[in-house]
Structures are given as C-alpha cells and as structure tokens.
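Structural overview for review
If you want the building blocks of each chain, they are given just below.
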Amino acid sequence: MRAVDLKRRGFSIAEMRNLARAALPRMVFDFADGAAEDERTLRRNEAAFDGIELLPRPLQGAAERDLSITLFGQRLSMPVIVGPTGLSGLFWPGGERSTALAAAAAGTAFCLSHGSVCTLEDLAACGASPRWMQVFIYTDRGFTRELAERARAAGYDALVLTIDNQLLGNRERDLRNGFTIPPRFGPAAIAGMALKAGWLWRMRKELRRITFGNYVRPGETAELTTLAARMSALLDPSMSWADVDELRRIWSGPLILKGVLHPAEAREALARGVDAVVVSNHGGRQLDGAPATVDALPPIVDAVGGRMPILLDGGVRRGVDVVRALALGAQACLIGRPQLWGLAVAGEAGVRHVLEIYRREIDRVMGLCGVSRIAAIGPDLLFPPTRPGQPPATAQSAEQHGLLMR
Ligand SMILES: Cc1cc2nc3c(=O)[nH]c(=O)nc-3n(C[C@H](O)[C@H](O)[C@H](O)COP(=O)(O)O)c2cc1C
C-alpha cells in the first residue's frame, strides 16, 4: 500500500485490522486474529480497558510531552514494545526482519519469537536493537539452554521466558479454516485467495521456505511439519521454578517472565531474581477463561510494590490503553496482533505506521490530561481514584513510579 493511502485509510489500529483482513487469506488473518475456544478472554482483554476512566488536569501545562522511558538501562522512545509473534514471515516476506527494523526506527524494543521463520542469528544480523529473545522451557532442557546461549552469542539484550504455552491452546478458528503448519491451501482457500492477489504474489517464493528457523539443526530437515511436531512434543507442562532458577543462572542479562497473571507468581519471580514480568494471557490464545490482563494488573502491582518493572500485553489497541495501563502501575505495554496487521498491510512501513499511531495517540492523551512525562502518569490520573471492589490501584506514588523508570 502506498504511504499516502496508508496514512489516509489506516488512521487507527482498528482500521489497520480491517486493511489486514482485506489483504490476507482468511486462514492467515484468522491465525493471528483468533484465540482459544470461545475467545472470551480475547474479548475481555479489550473490553476491560473500557471500564478505566482518566481524570484530566489540563491546567498542569503540558505543551511538550516526553514519551520516553528507560528500561534495563536502555532508553526507549515510548512505552510500547513489539512483542513476540511466531511465523511473522507468513504475513510479509522477511516479516521478522521488517518488524525489527520498524521497531528500531521507532526507537523501541523488538522481541523475537522462538517460532520465527528466520533464525535468531539472521535477525541479529540486521542490527536492530534493543532486541529481546523469547524462549520456552522444553522437555529437552538442553535445547532451552542452547537457545539462551545462542541469544547471548548473537547479542540479544534480554531473554523472555514465556510460561503460558506449556500446552498448545485450542484455537478453533484454525480448526474451522483447516489452518495447518505448514499452511496447505485446499480448493476453497485457493478460490478465496484470488481476491488476495497481492499477498499471494509477494509470498509466491516465500511459502515454500516458511519454517521454524530456530529449530532447524545443521544437516537435519527444515521441513515445517517435522519441525512443528518436534516443537509441540518439546513443550513441557512440568516446568517449575527450578527451571526459572536454571535460566537465571545461565542468563546474566535481563530475564523477563511472560504470561504472569497471579500476584504470588510475580512475587516469587522477584524473589528468584527475575528482572521483570509481562502480565499476559497470550492474547487469549491459551487459557480461555483467564482474566483480562488489565484486570489482573493491580494485584500484581501491589504484590511487587515498585521493586521490578511490570509490563503488560493483551488488547492494547489505543494510546489511551497504554496510558491506562501505566496509570495502574505498568511501565510499558507490548503489542501482538497490531504489529502483524501493520506487517500484512505494508511490511516494514506498515509496522512503523502502527507504532506511529500509538505514539501519536499517547502524546495526544498526555496533552489532554495535562501530563508532560511518562513518570508523571500514576494512580491520581484514574477516575475514581479507587476502583470499586479493588484496593487502591497501586501502592506506588507517581514519584516512586518515576524511580523505577530511571
Ligand atoms: C500470531 C501470534 C503468534 C504469537 N506467537 C507467540 C510466541 O511465539 N511467543 C509468545 O510468547 N507469544 C506469542 N504470541 C502472543 C503475543 O506475544 C502477545 O502476548 C499477545 O498477542 C498480546 O495480545 P494482543 O495480540 O491483543 O496485543 C503470539 C500472538 C499472535 C497473535
């Protein structure tokens, strides 16, 4: 899509989703857009933001707004980070590279999924930074260790351990559409694709090459069906804190747990030397029945009391959602599906555009609220200051919050 059309038609994240739906074959769109079972948690993630109101103080004066934060000693231009999504290369040729470059151009961090099409070394070669690497605990613990060591050798800045993918979620849209890995397109799908000629043309050479790059061993097959089977057999529901300890021992940089919803797990993570948690339910793709992440956030903020950064993802579709999460005590938000919508619409430029939408919206919300810096976003921006049925949103004052960010 031409830059001018992108600007004119993709004016919000919701519009980018519509454009992605028009660009992608149904089964590819649904692979990203869908979630587990009845998709209640997916819907709840977005809906829960609606219940959080902000109380502006325009006379504080916020002519200039600084959206930057510092996380693990690195400055990010805004509190939005590109989270890990597997098979980004199915949405645009070289999808992971395009997304990482877009994040770097926007001055923020990018997290590579374990299930990227390219290898973590290939991604690192594009030089995008800060870059984080996401891993699982595998039945073969040696493989988890190997990925962490490869990430260190390739200069990744942080390691993200996802803990909510120990079994595969039951994604019924994929079942309905017959979506398989590797994608196989039956007659109905092929007929539908005639209308998605742009994607088909772009991907004509790529489709044969779609694989899980990090799982290919030298001299072994890169055939995706074999790798996918190997990958799901490697997932391990018996993972425990001992595995977190082991990862902590071998990874000296920032270690982030992704998929934390219970305050006791956040507290335990802190005690075990984890550097940050991502309050996440995997975008509703795993346990349908998990709470909305923004509802799970306040008890976690109270549990760790400003002693470790808390990140959040799930349903963040507006700049105001980011400000809401920050007012409740998060330090930054991650995005999942929105980056894929941007990628599907215009590759690297599309992801840059998505990040610009968030930046513009956060900036506008801060201006309207009378807030000129991120550290000043705190519980006093919430209306009512104490939400019904909940303790005060966070024990932190805005200034304590500021301490964390430095
Ligand atoms: C297509 C797709 C693939 C994903 N793959 C991974 C993955 O490999 N590892 C991971 O930790 N999370 C993965 N996620 C979850 C995201 O990192 C994130 O938690 C979730 O999408 C956030 O919700 P949002 O999509 O509402 O922004 C994936 C999400 C999507 C949509």
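Residues numbered from 1 in each chain as written. Predicted model: local features only at pLDDT ≥ 70, side-chain atom pairs only at ≥ 80, totals over all residues. Heavy atoms only, no water.

Side note on the overall build of the chain
Per the secondary structure count, the chain includes 17 helices and 12 strands. The C-alpha atoms of the chain give a radius of gyration of 20 Å, which matches the 22 Å a tight globule of 406 residues would have. For the chain, the spread of C-alpha atoms along the three principal axes comes to 60 × 50 × 40 Å. Sequence-distant contacts in the chain: of pairs separated by 6 or more residues, those separated by 24 or more amount to 74%. (Helix = DSSP H or I, 4+ residues; strand = E, 2+ residues; numbered from the N terminus. Rg over C-alpha atoms; globule rule 2.2 N^0.38 Å. Contact = heavy atoms within 4.5 Å.)

Some remarks on the state of the cysteines
Following the criterion strictly, the structure yields 0 disulfides and no others. We note that Cys118 lacks a disulfide partner, and the nearest cysteine sulfur, in Cys126, lies 8.1 Å from it. Relative accessible area serves as the criterion here: at 18%, Cys118 is assigned to the buried category. Considering cysteine sulfurs only, Cys333 is the nearest to Cys369, which forms no disulfide, with 15 Å between them. (Disulfide = S-S within 2.5 Å. Buried < 20%, exposed > 50% of the residue type's maximum accessible area, 1.4 Å probe, protein only.)

What to know about the nonpolar core
Residues Phe91, Trp132 and Tyr156 are the most contacted members of the largest nonpolar core, which totals 129 residues. In terms of residue count, the dominant contributor to this core is helix H16 (residues 337-369) (15 residues). Those residues in contact with Tyr156 that lie beyond four places of it in its chain are Leu112, Leu120, Leu123, Ala124, Arg131, Trp132, Met133, Ala151 and Trp251. (Core = buried A, V, L, I, M, F, W, Y, C linked by side-chain atoms within 4.5 Å.)

What to know about the packing of aromatic side chains
Counted under the stated rule, the structure contains 8 aromatic pairs. Aromatic side chains Tyr138 and Phe143 sit 5.1 Å apart centroid to centroid with 55° between the ring planes, which places their arrangement in the tilted category. Measuring from centroid to centroid gives 6.1 Å for Tyr138 and Tyr215, while their planes differ by 85°, and the two rings are edge-to-face. Of the two residues, Tyr138 is situated in the loop between strand E6 (131-135) and helix H7 (141-153) and Tyr215 in the loop between helix H10 (197-203) and helix H11 (224-234); the sequence distance between them amounts to 77 residues. In terms of burial, Tyr138 and Tyr215 fall into one category: buried. For the cation-ring pair, Arg204 lies above Trp201, with the distance from its terminal atom to the ring centre recorded as 3.6 Å. Positioned above the aromatic ring of Phe31 is the side chain of Arg285, whose terminal nitrogen or guanidinium carbon lies 5.5 Å from the ring centre. (Phe/Tyr/Trp six-rings, centres within 6.5 Å; stacked < 30°, edge-to-face > 60°. Lys NZ or Arg CZ within 6 Å of the ring centre and 35° of its normal.)

Some thoughts on the pairing of strand E11 (residues 332-335)
Burial along E11 is two-sided: Ala332 and Leu334 facing one way and Cys333 and Ile335 facing the other are all buried. Bridge count for strand E4 (residues 80-82) against E11 is 3 bridges, and the pairing is parallel. Residue Val80 lies in a different strand from E11, and its bridge partner there is Cys333. Two elements, strand E10 (residues 310-313) and E11, share 3 bridges in a ladder whose sense is parallel. Bridging across to E11, Leu312 finds its partner in Cys333. Chirality of the crossover, the property in question, places the unit of E10, helix H15 (residues 319-327) and E11 among those that are right-handed. (Pairing = 2+ DSSP bridges. Right-handed = clockwise from strand over helix to strand, strands pointing away.)

Let's talk about unusual backbone geometry
What is expected of a backbone is that most residues other than glycine have negative phi and most peptide bonds are trans. Across the junction of Ser129 and Pro130, the peptide omega takes the value -5°, indicating a cis bond. Looking at the secondary structure, you find Pro130 in the loop between helix H6 (120-125) and E6. For the peptide bond that leads from Phe383 to Pro384, omega is -15°, which places it in the cis range. Tracing the chain through its elements places Pro384 in the loop between strand E12 (382-383) and helix H17 (398-405). Positive phi values are uncommon outside glycine, yet Glu37 reaches one of about 45°. Phi at Phe72 takes a positive value of approximately 50°, unusual for a residue other than glycine.

A word on the layout of surface pockets
Its volume calculated, the largest pocket comes out at about 930 Å³. If you go around the largest pocket, you meet 44 residues; those closest to its centre are Phe31, Leu168, Arg171, His282 and Arg285. Those elements that place two or more of their residues in the lining of the largest pocket are helix H3 (26-33), helix H8 (172-177), H11, E11 and H16. For the lining of the largest pocket, the per-class residue count stands at 18 nonpolar, 19 polar and 7 charged. Taken as a whole, the second largest pocket holds about 450 Å³ of empty space. What lines the second largest pocket is a set of 25 residues, among which Ile163, Asp164, Gln166, Met239 and Glu265 lie closest to the centre. Those elements giving two or more residues to the lining of the second largest pocket turn out to be helix H12 (241-250) and strand E8 (255-260). Per-class residue counts for the lining of the second largest pocket are 14 nonpolar, 8 polar and 3 charged. (1 Å grid on protein atoms, 1.4 Å probe; cavity = no way out; pocket = protein on both sides within 12 Å on 5 of 7 lines; lining within 4 Å. Points joined across faces, edges and corners; volume = space filled by probe spheres on them. Nonpolar A, V, L, I, M, F, W, Y, C, P; charged D, E, K, R; others polar.)

Here we look at the pattern of salt bridges
Across all of its chains, the model carries 25 salt bridges by this definition. Two residues, Asp33 and Arg173, come together in a salt bridge whose shortest N-O distance is 3.0 Å. Of the two residues, Asp33 is situated in helix H3 and Arg173 in helix H8; the sequence distance between them amounts to 140 residues. Judged on exposure class, the residue Asp33 and its partner Arg173 are both buried. Taking the shortest distance from any N to any O, the salt bridge between Arg318 and Glu361 comes out at 2.8 Å. Remark: Glu361 occurs in helix H16 and Arg318 occurs in the loop between E10 and H15; sequence separation between them is 43 residues. (Salt bridge = Lys/Arg side-chain N within 4 Å of Asp/Glu carboxyl O.)

Overview of the packing of helix H5 (residues 95-106) against H16
Two quantities define a packed helix pair, namely the angle between the axes and the distance from one axis to the other. Here H5 crosses H16 at 20°, and the two axes come no closer than 9 Å. When the interaxial angle is binned, H5 and H16 end up roughly parallel. Seen along the crossing, H5 lies across H16 with a hand that is right-handed. Facing Gly95, Ser98, Thr99, Leu101, Ala102, Ala103, Ala105 and Ala106 of H5, the residues of H16 in contact are Gln339, Leu343, Gly347, Glu348, Val351, Arg352, Leu355 and Arg359. A breakdown of the residues in the contact of H5 with H16 according to their chemical character gives 8 nonpolar, 5 polar and 3 charged. (Axes fitted to C-alpha atoms, helices over the stretch in contact; angles between N-to-C directions. Parallel < 35°, antiparallel > 145°, perpendicular 65-115°, else oblique. Left-handed = near helix turned anticlockwise from the far one by under 90°.)

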